[in-house]
Amino acid sequence: MEAYENARMIFLFGNGGSAALASHLACDLGKGTVNGSGKRFRVLSLTDNVPLMTAWANDVHYEDIFAQQLENYLRPGDVAFAISGSGNSPNVIRGLEAARRLGAQTLALTGFDGGRAKPLADLCLVVPSDSMQLIEDAHLCATHAIFLAIRQRMMQTNGD
């Protein structure tokens with residue numbers, strides 16, 4: 001909500017199923033919160049520009065596909081929201097490191113014990129499971145709960 005209220009960007013990123021969830025949450029926040037007030041969420045999934053991701057992967061390193069995009073787009077005060085079932089994906093870790101260095105607020109959804117992502121996040125939700133399928137299911141539930149809470153708060157703020 002703070003990002004919305006201050007017109008900050010939210011950047012979402014992850015691998016595999018977490019990449020799909022980053023896209024899903026960007027869609028929920030980008031469209032599902034439009035309420036006629038004229039003010040909209042500024043949200044982007046870094047997993048959606050495949051040509052840019054593959055260019056960075058090919059020309060630099062796959063581990064840098066999110067960090068390099070954040071170097072292009074992120075401004076201090078923006079939000080970097082990482083999703084990683086293991087909490088140890090090298091490209092997600094480098095993305096979080098870049099986000100912290102660039103002055104972003106960092107959020108993470110992880111599983112297992114939080115992995116290397118946990119200490120890099122200002123706020124980290126850890127699903128304490130070693131089953132990737134259960135972790136991914138819980139992450140979907142968590143992102144839907146976040147979306148619904150934000151939408152409800154927006155409706156209350158706008159008097160709906």
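The following paragraphs examine the structure supplied in this document. As the structure is a prediction and not an experimental result, all values here were calculated from the model. Residue numbers restart at each chain and count upward from 1, following the sequence in its written direction. Residues qualify for local features only when their pLDDT is at least 70, as the model is predicted, and side-chain atom pairs are given and counted only at 80 or more; totals for whole chains, interfaces and linings, by contrast, use all residues. With hydrogens and water stripped out, all remaining heavy atoms of the structure feed into the side-chain values.

## Considerations on the packing of helix α2 (residues 17-31) against helix α6 (residues 132-157)
The relative placement of two packed helices comes down to the angle between their axes together with the axis-to-axis distance. Whenever a helix is involved, its axis is fitted only over the stretch in contact; in every case the axis is a line through C-alpha atoms, and angles between N-to-C directions fall within 0 to 180 degrees. Secondary structure is summarised from DSSP: a helix means a run of H or I of at least four residues, a strand means a run of E of at least two, and numbering begins at the N terminus for each. Running from N to C, α2 and α6 cross one another at 15°; their axes reach a closest spacing of 10 Å. Relative to α6, the element α2 is oriented roughly parallel. When the axes of α2 and α6 are compared, the crossing they make is right-handed. Taken together, the residues of α6 that come into contact with α2 (itself represented by Gly17, Leu21, His24, Leu25, Asp28 and Leu29) are Glu136, His139, Leu140, Thr143, His144, Phe147 and Ile150. Its residues placed into classes, the contact of α2 with α6 shows six nonpolar, five polar and two charged. Working definition: roughly parallel below 35 degrees, roughly antiparallel above 145 degrees, roughly perpendicular at 65 to 115 degrees, and oblique for all remaining angles. Crossing chirality is assigned from the near helix's rotation relative to the far helix, an anticlockwise turn below a right angle marking it left-handed and a clockwise turn marking it right-handed. Should any heavy atoms of two residues lie within 4.5 Å, those residues are considered in contact. Charged residues are taken to be Asp, Glu, Lys and Arg, nonpolar residues to be Ala, Val, Leu, Ile, Met, Phe, Trp, Tyr, Cys and Pro, and polar residues to be all remaining types, Gly included.

## Here's the deal with the pattern of salt bridges
Salt bridges, as used here, are contacts in which a Lys or Arg side-chain nitrogen is within 4 Å of a carboxyl oxygen on Asp or Glu. A complete count under the given rule lists four salt bridges for this structure. Ionic pairing is found between Glu71 and Arg101, a salt bridge with its closest N-O pair at 2.0 Å. One end of the pair, Glu71, is in helix α4 (residues 65-73); the other, Arg101, is in helix α5 (residues 90-101), with 30 residues separating them in the sequence. For Arg100, the salt bridge goes to Asp122, with nearest N and O atoms at 3.4 Å. A residue pair is termed long-range when its members are at least 10 positions apart, and Arg100 in helix α5 and Asp122 in the loop between β4 (105-111) and β5 (123-127) qualify at 22 residues. Partly exposed describes any residue whose relative accessible area lies between the buried limit of under 20% and the exposed limit of over 50%, with all areas from a 1.4 Å probe on protein chains only and scaled to the type maximum. We classify Arg100 as partly exposed; its relative accessible area is 39%. Residue Asp122 is classed as partly exposed on the basis of its relative accessible area of 49%.

## Concerning α4
Where α4 is concerned, the buried positions are Ile65, Phe66, Ala67, Gln69 and Leu70. Along its buried surface, α4 packs onto β1 (9-14), α3 (50-59) and α5.

## Let's talk about the pairing of strand β3 (residues 79-84)
The buried fraction of β3 amounts to six of the six residues, a majority that puts the element mostly inside the structure. Here β3 shows two buried faces, one formed by Val79, Phe81 and Ile83 and the other by Ala80, Ala82 and Ser84. As paired strands, β1 and β3 are joined by five bridges and run parallel to one another. Each residue of the ladder has a partner; that of Gly14, found in β3, is Ile83. Here is how to tell: hold the view so the strands point away, follow the path from the first strand over the helix to the second, and if it runs clockwise the crossover is right-handed. Assessed by its sense of winding, the connection that carries the chain from β3 through α5 to β4 is right-handed. At least two DSSP bridges between two strands are needed for those strands to be called paired.

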